[in-house]
Each structure stands twice: as structure tokens, then as C-alpha cells.
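# Architecture at a glance
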Amino acid sequence: MMVKVTLRNLAAHKLRLALTALAVILGVAFVAGTLVFTDTTGRRFDDLFARTGQGVAVKVRAKKVIEGADAPAVPASLAGTVARVPGVAQAYGTVNGFAAVVGRNGEAVGGSGPPQLGIGWNPADRDHPVTAGRGPARADEVVIDARTAGKAGLRVGDRARVLVQGPAQDVTVVGVVDAGNLMGATVAAFDEATAQRLLLRPGQFSDITVRAQAGVGETTLRDRIQRALPSPAYEAITGTKMRNENESEVTRILSFFRTFLLVFAVISIFVGGFIIFNTFSMLVAQRSRELALLRAVGASRKQVTRAVLGEAVGVGVVGSTLGLAAGVGLALLLQQLFRASGAEFGGGLTFTYRPVLWSYAVGVVVTVTAAYFPARRAARIPPVAAMRDDVAMPPRSLRIRLIAGSVVTAAGAVLSGLGLGGAPIALLGAGAALVFVGVAMLAPVIGRPVVRVLGAAYPRLFGTPGRLATKNALRNPRRTAATASALMIGLALVSAINVMSSSAKASVAGQVDEVFAADYMVTPVSGVSDPAEAAGAVRAVPGVELVTAAYQGRFKVGTHAQSFLATERPADLVRATRLSLRSGSADLGRDGLLLDQPTATSAKVGVGSVVTARFADGGTERLRVAGVYAKNQLLGPRVLALPAYRAHAAHPAGLGLMINTARAGAATKGAIERALSGHPSLKVQDRSDVKQDAQHSIDQFVTLLTVLLTLSMIIAVLGIINTLALSVIERTREIGLLRAVGTSRRQTRRMIRLESVVIAVFGGLLGTAIGVVFGIAVQHAVADRGLDVLSVPVPTLVAYVVLSAVIGVLAAVWPAWRASRLDVLKAISFE
């Protein structure tokens, strides 16, 4: 019997539950879309790895010395040693590095995410079969992949420019290869000797590829080769392990991306939980007489609870099904966005069981969980309530909410503090969720005085409709609070992000003004570049007084990998970056090292100390601490003499140039840009450009986060619409009486709109206040990491509060129209 009751209630209240189902649909769509997209991307990489390295039995390589840096190269002679091992059919060296092909438009192809690969050509390499032309045979020849050729507008026989870490190379395209679906990566292949010279060093390989004779297993061959290797610095791994390592790295990246998107999906679902809770609370209140009749005819409390939860299951199943379908559309959209950014995705979507399983699990579990407490309240309705005419649930004290909400909020604040203080970041997320739940519990208490203040001007401005709107918002503080809390969460997160971004931009501007004394900075647009050649061209520009080339790298001191900046002219660097020496001098010589004060203090070293550093090539260097300087955000904690870096890196990673001129201005900047016209990967920026570039990057990230949070705010808007629509149904008789005594349709619509606005503004104020507190807390927690200026964007926050009022007006359009169109006589007789 109760199953029939549940099904009939779902059919009878389908319009009331439609918006609730829509909230479930949007949340589930975010989850399903993320999982479908990442599953599709993972399958594309699986296909790529299955194609790459076919027939490779063993890889021989140097062991990685520093995490985050490339493994050392191996000597070319090692290929001969490996080739003599019994069971080896073929052993050849491979060369890998950076190379970017410049298109006919003068811009490098790729570089916006997928790698720009430079490789050494080897006819034995089965991963890149030639589809047109031939392989490179001379230093001025190159082979490129088909996708790069299409994007660059190049064909076999065309002259092209290829950017490498040294001087740019003018070459002839002699062949096109099929590199498969490299997800947007570009490939440029040189003959072996040229690749070694440009990408590594002459006489070196990145690693050695080994193919086995028939009947020799890869594990057996690996063991034989390992025994034959001349040094423990080298290792042999099976082809299977090589492919697994490549896959695990991609899996790690995809896992991070999936987690990043799912965080916002969880936020949307969390907001949807408030909507579901509010909707079922109102439905239970409106149907108290109906539920009491069920109790009167013999239904037990458990049966009533199960009936209400059954409706929640129905909503969850329908919402999950439609959300899964919408998620497929979202996955297609994500695929198109990645294609627009340069990542190529061939084929359609990949479907696995995971999106289906998680869609229904999330949709049904969240809906049932949110409806549980309203269902329990429904079961407590006594049978005698069937004899009453009113439908309101009995009022309950807010004292328990005040105590419980305070405890939950305090616990959330403690967990958030621990997360900001260095504990696992998950504690920050858990703490923030508890703060939101706690504030939502306190919102009915906070809401009464706030709503009274917000609605104080209503009677004077709007007359009776304004007075009634305020009273309606105050009539049920729990309902008002739950509706406002949904909007609060999204606005709180957006406000916190804006406080942090505003502080970041102010910090960057302050740091540039404080330490950036150069007139111009030249940096690579994509990839990496050796600025030495560019520095020579810039020095020839009239008016240029000083050009400082900077490089970056990593070495290991003890067990810790550490980053450094390297320069050939440290004295010029002092001027270009306002370096403030506390002791010693900037005369680095060949092996000098500068440390900032915090680093020197932590390492317990000073001027004259000797530090033994191990570089990525496995070699070590005894570095002399030549000076100690005040903390400098532009330079970082360490500055190394460039000769010491070059001794261990054939192609140091260039950061760019810093330029001081006799007279900065548009003419000087234009002259520098003309001098660098042969370097399309470099851009020239003055101080204001440096600030704007950094601030633009921050703005882009903030925009991305805001867009991802928009879904939660859309769900919150649906919650306001749903609450108002159900409120109109609940107050049908009341609205009919108001219309009977002379209230016009226009006044009725205004009353609903004003109620919506006061609820939305309450949520906006609450969210903005919490967001500001979170933003300030985060800024203080990371002040010593560069975010040292607090900036609260008051105009932006005020705009968010105004936006919440606009949201209130828009959310009220349909409920207000519906209320104004009620038939007066039917409304008066409504039960």
C-alpha cells in the first residue's frame, strides 16, 4: 500500500519536485561529465602508450639524481656495450629535448600545454613512420609530424625555423611522419649528430632502446644487460615497466585534474543538499494533514518515513538518469575546450561503468540523506493532526540550533586553521564544509535581525506589499535560512577567491616595485630558450646599458633538492633586481653562490662556507658561499655562478633577460623588439607589462574558479525559485484572501519579488562576510610565501551583494507570476 502511496505522491507533486530534481541533475552532470571526460582522456593515452615503444624489450638509462629534473644522459659508447649482450637483436640510442617549429605566421606551433618535442632521427624507431619525404641526413634538415606540418603550413621542401635551447635553427623540411595522436604535442626530428648537439651534448644519448632476439624474454634480457652495465649509475628496465611509468605519470596528472573538477562538483552537490532538504521540509509541512490521515488509518511511523524517503529515491533516480545524460554533453564540451587550447582528441567519448555507478550513487544517496530529517519529522505527526485545519508544523525552539551551530562552526574553524597551518589540505576542505554547515544552522538565529534591517525600508518604499514581504520572510526563519544558505556557499567561495586574488595582485605589484629595477624583461612565450644569443642582439641596441641573462635549475644539497637562479654577470643582477647584500659580495667567480638570509640561517652557513651540490647530470660541485642577501621575491633563495651550472648542463634552462637602459620609453622598447625579431618565442615587457602579465594570469585563474562555482550558484537560484513556488502553494488561501480584499496582481507580484530579494540579499551578505574571513585567514597563513599584502576588493564584494539582489528578482519571476494568476475563488477554497 505504501508503495502505491509513494508513487501517487510523486505523480501528484511532480511539479513541486521538478526543480529539486533539476538541482540533482546539475550536480550529477558535473560528476558524470568529469568522469566521462577523464576516462576518455585516459583511454586516449592508453592507446598512445600501446602504440609507442612497440617491440621495445628493455630501456637503459641513467638513474635520476634529482626529483623534478631530467635524468642524466648516457654516453653513446654504452650502446655498443649493450649491443654485445647475448639476446640483444638491436640497441640504439635515443635523443630527446625541446624543439618548437615556427609556423608561417611567425609563431611557434604548440606550447600552450602539450610538449614541443625534439628528437634524434633513427630509422629503427617504429614510433614515427615516414608518410612523406625522407628522414633527415644533414644538419640543416628536419622531419616534423603531420599535425605540426598542417598547423605550421609547411610541406616537404619548405624552409622553416626551429627553436631550440640554443640559437634558432633554419632548416629544410625533408619529411613528414605519423606520430599518432600525441594529444597536441609537436615533434621535430634531426639527424642523430645534430640532435645530440642541439638537444644534449655530442656523444650522448637520453637513453638506449633495446629489442630482443626471438625467444628471449624481456625480464631475462634486462637482467643480462644490468650485469653488463659498467656503473651502478645506470639501470636497465623492461619495456613493460617503461610503458607503465609513462602511464602512471599521465594517470597522476589526470587524477589531479579529476580531483580538481570533482571538488567543484561536490560543492554543487553540497548546495543541492540544502535545496533538497528545504523542499522536503516544505512538502512535509504542507502535507501534514495528509500524513496524519495515513497514521490515523494504520500507517506506522516507519511506513511514513519510508514513504517520504521513497519519494526522495524517485527524485534521486530521475535526477541521476538525466544528470548522467547531461554529463555526457558536459564531457563533449570539455573535449571541445581542450581542442581549442591545442590538445588534440581523436574519436568519440569512452564510457565505463564508473560514471554510471557514481552518478546514481551520488544522486540517490545525497537526495535520500537530505530528505531523511524531513521524513523523520513526518513520522512524528500525530494522527489527531488529521482533525486540524492548519497545515503548519509545530514551531520549534532555535536554542538547540544556536548551541549546535556554534559548536560545528568552531570545529570547522579549528580544522580550517590546521589545514592552513601545514596539516593535510583535506582538513581545510573538511573545516570549510563544517563552517558552512554550522553557519547554516545559525542562519535562522542570525536571519531574524538581518531580515528586519533589510526589510525596514520596504513599508515606506513599497507600502503594504513591502510590509507583507518582510513578514513572510520572517514567518519561517528556518526556511529562509536554508534558502539563503544555498546562495551563501557559492558567494562565500567566490568572495574568498577574490580576496586572495586581489591580495595576490597587490603583492605582485609591490614586489615588482620593490625588487624590479630593470627597465625591461625579456621572457620566452613558450618552451625554454637560451637567452645568451638574444642578449648579444639586445646589447647592440643604442641606449641599452646593461643586459643580464638569467637561468634556472635544480641541484641537491644533502638529501634535499633545491632550486636556484644562475647568472653570468652577478654585479649586473644586483642593479637589475635591487639585490640587498647583507654580507659578502656579488663576485661569484666560477663557483660562487649567493644565499638569501632565511636560507643561510636555516642551513647554518655564511660567507666563506663551502656547500657540496649534486647536479642533475650526477656530477658534484663544491660551491663557495660568496654573499648573503635580503629575501628577494624575484630572485628566490639562491643565485649561482653560471659557469658552475654550465659545467653540468649543456643547455641550461633560460629564464630570460633583464635590461637597463639610459632612457626607457616606447622608442627603446620598439628597438629592442626589432633586435629580437629573429626570436619569435621571446616577448619584451616593461615594468607595467610585468605587473599586468602576472595580474592577467591571476585573473584568468579566478575566472576559471568563478565559472566552476557558477553551477553551485545556479543551483542556489533554483532553490530560491523552488522555495518561493512552494511558498505560493502553501499560502494559496492567504493570497486568495489578499486578492479578495483588493490587492492587485501587480502588488502580489511585488510582494513575492521583495520577499525573494530580501532572502537573496541575506544569503549574499552572509556569504560575502564568510568569504572575506576565509580570504583574510588564507592570506595571513601564506604571507611568508609571497602573499604579503592584504587587499580586500570592496567594490567587487559590493557588486556581489547587488548581484544577489538581482538574483532574487530573477528567481521570483515565475513564482510571482504564478501567484498573481491564481483564481481568487479557487484560492480561497484551497485546502
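Residues numbered from 1 in each chain as written. Predicted model: local features only at pLDDT ≥ 70, side-chain atom pairs only at ≥ 80, totals over all residues. Heavy atoms only, no water.

### Considering the nonpolar core
To keep it simple, the criterion reads: Residues belong to one nonpolar core when they are buried, are Ala, Val, Leu, Ile, Met, Phe, Trp, Tyr or Cys, and are joined through side-chain atoms within 4.5 Å. The buried label goes to any residue with under 20% of its type's maximum accessible area, the exposed label to any with over 50%, and the partly exposed label to all in between, with areas taken from a 1.4 Å probe on protein chains only. Contact criterion: two residues are considered in contact whenever any of their non-hydrogen atoms come within 4.5 Å of each other.
Counting residues in each nonpolar core, the largest one holds 101 residues, and the members touching the most others are F436, V639, M658 and I752. Look past the residues within four positions of F436 in its chain and what remains in contact with it is F270, M488, I489, A492, L493, I770 and F774. By size, the runner-up hydrophobic cluster in this structure holds 39 residues, among which are A160, V162, L199 and L229.

### Looking at empty space enclosed by the protein
Going by this rule: Grid points spaced at 1 Å over the protein atoms alone were grouped into cavities, where a 1.4 Å probe fits but cannot get out, and pockets, open sets with protein on both sides within 12 Å along at least five of seven lines, with lining residues defined by an atom within 4 Å of a point. Grid points are joined across faces, edges and corners, and a volume is the space filled by probe spheres set on the points. Here a helix means four or more residues in a row that DSSP labels H or I, a strand means two or more in a row labelled E, and each is numbered from the N terminus. The classification used treats Ala, Val, Leu, Ile, Met, Phe, Trp, Tyr, Cys and Pro as nonpolar, Asp, Glu, Lys and Arg as charged, and all other residues, Gly among them, as polar.
As enumerated under the stated definition, the model contains eight cavities of 30 Å³ or more in all. For the second largest cavity, the calculated volume is near 80 Å³. Lining the second largest cavity are 13 residues, with A23, V24, I269, I276 and V366 sitting closest to its centre. Those elements that provide at least two residues to the lining of the second largest cavity are α2 (14-51), α7 (239-286) and α10 (353-379). In terms of residue class, the lining of the second largest cavity is made up of seven nonpolar, six polar and no charged.

### Points about the environment of A537
In this fold, A537 is placed in helix α16 (residues 532-539). The exposure class assigned to A537 is partly exposed, which follows from its relative accessible area of 24%. Sequence-wise, A537 and N96 are 441 residues apart; in three dimensions their C-alpha atoms are separated by 28 Å.

### Quick word on the environment of A626
Its place among the elements puts A626 in strand β21 (residues 620-629). According to the relative accessible area criterion, A626 is buried, its value standing at 5%. Taking C-alpha positions, A626 is 75 Å from R460, a pair spaced 166 residues apart along the chain. In contact with A626, other than residues within four places in its own chain, are G584, S585, D587, L588, L593, L594 and V607.

### Let's talk about the packing of aromatic side chains
Put simply, the test is: Only Phe, Tyr and Trp rings are paired, with Trp represented by its six-membered ring, and only when their centres lie within 6.5 Å; those with planes under 30 degrees apart are stacked, over 60 edge-to-face, the remainder tilted.
Within this structure, the stated rule accounts for nine aromatic pairs. Among the aromatic residues, ring-to-ring pairing joins F555, F564, F615 and Y645 into one connected group.

### Focus on the domain arrangement of the chain
This is how it is decided: Residue ranges labeled as domains rest on an automatic or database domain assignment. Only one rule defines a salt bridge in this text: a Lys or Arg side-chain nitrogen within 4 Å of an Asp or Glu carboxyl oxygen. Two N or O atoms count as a polar contact when they lie within 3.5 Å, although within protein this holds only if one can serve as hydrogen donor and the other as acceptor, and sequence-adjacent residues are included solely when both atoms are side-chain atoms.
Assigned domains within the chain: domain 1 (1-56 + 239-390), domain 2 (57-238), domain 3 (442-514 + 687-831) and domain 4 (528-680). Listed by partner, the interface residues are 25 residues for domain 1 and 27 residues for domain 3. Applying the counting rule to domain 1 against domain 3 returns zero salt bridges. At the boundary of domain 1 and domain 3, one finds zero residue pairs in polar contact (both at pLDDT 80 or more). Taken together, the elements giving at least two residues each to the side of domain 1 that touches domain 3 come down to α2 and α7. Here the side of domain 1 that touches domain 3 gets 15 residues from one element, more than from any other, and that element is α7. Across the side of domain 1 that touches domain 3, the residue classes tally to 16 nonpolar, seven polar and two charged.

### Side note on the packing of helix α11 (residues 399-420) against helix α12 (residues 425-454)
Between two packed helices, both the angle of their axes relative to each other and the distance between the axes serve to describe the pair. Note the threshold: Helix axes are fitted only over the stretch in contact, all axes being lines through C-alpha atoms; the angle between N-to-C directions runs from 0 to 180 degrees. Here is the rule for angles: anything less than 35 degrees is roughly parallel, anything more than 145 is roughly antiparallel, 65 through 115 is roughly perpendicular, and the remaining ranges are oblique. Two helices that cross are described as forming a left-handed crossing if the nearer one is turned anticlockwise from the farther one by less than a right angle, and a right-handed crossing if clockwise.
At a minimum axis separation of 7 Å, α11 and α12 run at an interaxial angle of 155 degrees. Our classification of the angle between α11 and α12 gives roughly antiparallel. Considering only the axes of α11 and α12, their crossing is left-handed. For the contact of α11 with α12, the per-class residue count stands at 20 nonpolar, eight polar and one charged.

### Comments concerning the environment of V173
Relative to the helices and strands, V173 resides in strand β10 (residues 169-177). Judged by its relative accessible area of 1%, V173 is buried. For the pair V173 and G429, spaced 256 residues apart in sequence, the C-alpha to C-alpha distance is 53 Å. Excluding residues within four positions of it along the chain, V173 makes contact with V142, I144, L154, R155, V156, G157, D158 and A160.

### Remarks on the pattern of salt bridges
For the structure shown, the criterion picks out 20 salt bridges. The salt bridge partner of D519 is R687, with a shortest N-O separation of 3.7 Å. Of this pair, D519 sits in the loop between α15 (477-515) and β15 (520-524) while R687 sits in helix α21 (residues 687-730), and the two are 168 residues apart along the sequence. Residue classification places R687 among the partly exposed positions, given a relative accessible area of 31%. Note that E621 and R590 form a salt bridge whose closest N and O atoms lie 2.1 Å from each other. Of the two residues, E621 sits in strand β21 while R590 sits in the loop between β18 (581-584) and β19 (592-596), which places them 31 residues apart along the sequence. For E621, a relative accessible area of 10% puts it in the buried group. One network of salt bridges, with partners in common, ties together R134, R138, D140 and E141.

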